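In case you want the letters, here they are:
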Amino acid sequence: VTRVVLAGGGASQGKPSGQADGGWDKAMMAVRDSFEMGRYTVAVSQYRKAANLALVRDDGTAVAEAGYDLAVSQLAANTPAEALQTTQATRQAVQLRGGGAQFSLDLVEAASLYRLGHYAQAIPLAVHAMLSPETEEAARAALVLGLAADAQADQAELQNAASYLNALKAPLSVTQQADRAEIQARVLRQSNPALAEQLAEDAAALR
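Every value quoted in this text rests on a predicted model; they were computed, and no experiment measured them.

Peer 1: Explain the overall build of the protein here, please?
Peer 2: From N to C terminus, the protein includes ten helices and zero strands. Secondary structure of the protein in N-to-C order comes out as α-α-α-α-α-α-α-α-α-α. Residues counted as buried form 47% of the 207 residues belonging to the protein. The contacts of the protein with a sequence gap of at least 6 include a subset with a gap of at least 24, amounting to 63%.

Shown next as structure tokens:
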């Protein structure tokens, strides 16, 4: 199973109201430093505290942000089952506070399900996450969709993921270039194995 690690930080569009006193902002900056240094278990502990703080404050936007970041850290720490539990609990908490669509939670939940081998369940969540207005988020969802669809032998959704990534407008980030090459390699694996192998090598080199 290809390892999927999502970028941490910034699940929501608006800033949590709890940031007003500066404490939330300082705490989130500190934990993101831990994540970026690869100290994922430390980040998990710190994000869990931030998520609990958001619940105490009854701040739906902060709940979504901290819950997403906690789940991403759990994925990075190779505990996808915990990440799945976090996304599901976060989604419920956000909905109770009147929150709407949470494309970021769809993305991390789909990635968690993929890592756990639940490919059929990951596919619809990844498809929905591709509707995100944030191109980077939608593109990562396309990668997860392509990986899950390939593992599930769902050629239609594999092609859907490839079509989305192929349609991305330049300039593409290195991550997007790698994702596009990897999914295209999977599309061509049967019809053009030589090109598929080259694309897979390109993706590995870019990563």
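That covers the picture; the talk isn't over yet.
Peer 1: Explain the pattern of salt bridges to me, please; I cannot follow it from the model alone.
Peer 2: Oppositely charged side chains may form a pair once their charged atoms are brought near each other. For the structure on display, the rule yields eight salt bridges. In this structure, Arg 186 engages Glu 182 in a salt bridge whose closest nitrogen and oxygen atoms are separated by 3.2 Å. Of this pair, Arg 186 and Glu 182 both sit in helix 9 (residues 174-188), four residues apart, which is roughly one turn of the helix. Classification of Arg 186 as buried rests on a relative accessible area of 18%. According to the relative accessible area criterion, Glu 182 is buried, its value standing at 12%.

Peer 1: For this particular structure, what's the right way to read the packing of aromatic side chains?
Peer 2: What characterises a pair of aromatic rings is the spacing of the ring centres plus the angle enclosed by the ring planes. In this structure the tally under the stated criterion is one aromatic pair. When the centroid spacing of 5.6 Å and the interplanar angle of 50 degrees are considered together, the rings of Tyr 114 and Tyr 119 count as tilted. For Tyr 119, a relative accessible area of 18% corresponds to the buried category.

Peer 1: Would you take a moment to explain helix 3 (residues 60-76) for this structure?
Peer 2: An α-helix turns once every 3.6 residues. As a result, residues three or four positions apart point the same way. Over its 17 residues, helix 3 extends 24 Å from the first C-alpha to the last, a length consistent with the 24 Å expected when each residue adds 1.5 Å. Summarising burial for helix 3: 16 of the 17 residues are buried, a large majority. Count one or two residues on from helix 3 and you reach Asn 78, which has phi positive near 65 degrees.

Peer 1: I'm lost on helix 10 (residues 193-206) in this one. Help?
Peer 2: Between its terminal C-alpha atoms helix 10 stretches 20 Å, which fits the 20 Å expected from 14 residues at 1.5 Å a residue. Three or more residues of helix 10 are buried, namely Ala 196, Leu 199 and Ala 203. Viewed along the axis of helix 10, the buried residues span an arc of 65 degrees, placing them on a single side of the element. Seen from the buried face of helix 10, the exposed residues on the opposite side, beyond 90 degrees, are Ala 194, Glu 197, Ala 204 and Ala 205. On the buried face of helix 10, the contacting elements are helix 9.

So, how was this worked out
Residues numbered from 1 in each chain as written. Predicted model: local features only at pLDDT ≥ 70, side-chain atom pairs only at ≥ 80, totals over all residues. Heavy atoms only, no water. Helix = DSSP H or I, 4+ residues; strand = E, 2+ residues; numbered from the N terminus. Buried < 20%, exposed > 50% of the residue type's maximum accessible area, 1.4 Å probe, protein only. Contact = heavy atoms within 4.5 Å. Salt bridge = Lys/Arg side-chain N within 4 Å of Asp/Glu carboxyl O. Phe/Tyr/Trp six-rings, centres within 6.5 Å; stacked < 30°, edge-to-face > 60°. Expected span 1.5 Å × (residues − 1). Arc of directions from axis to C-beta.

Functional significance is not addressed by these values, which are geometric in nature.
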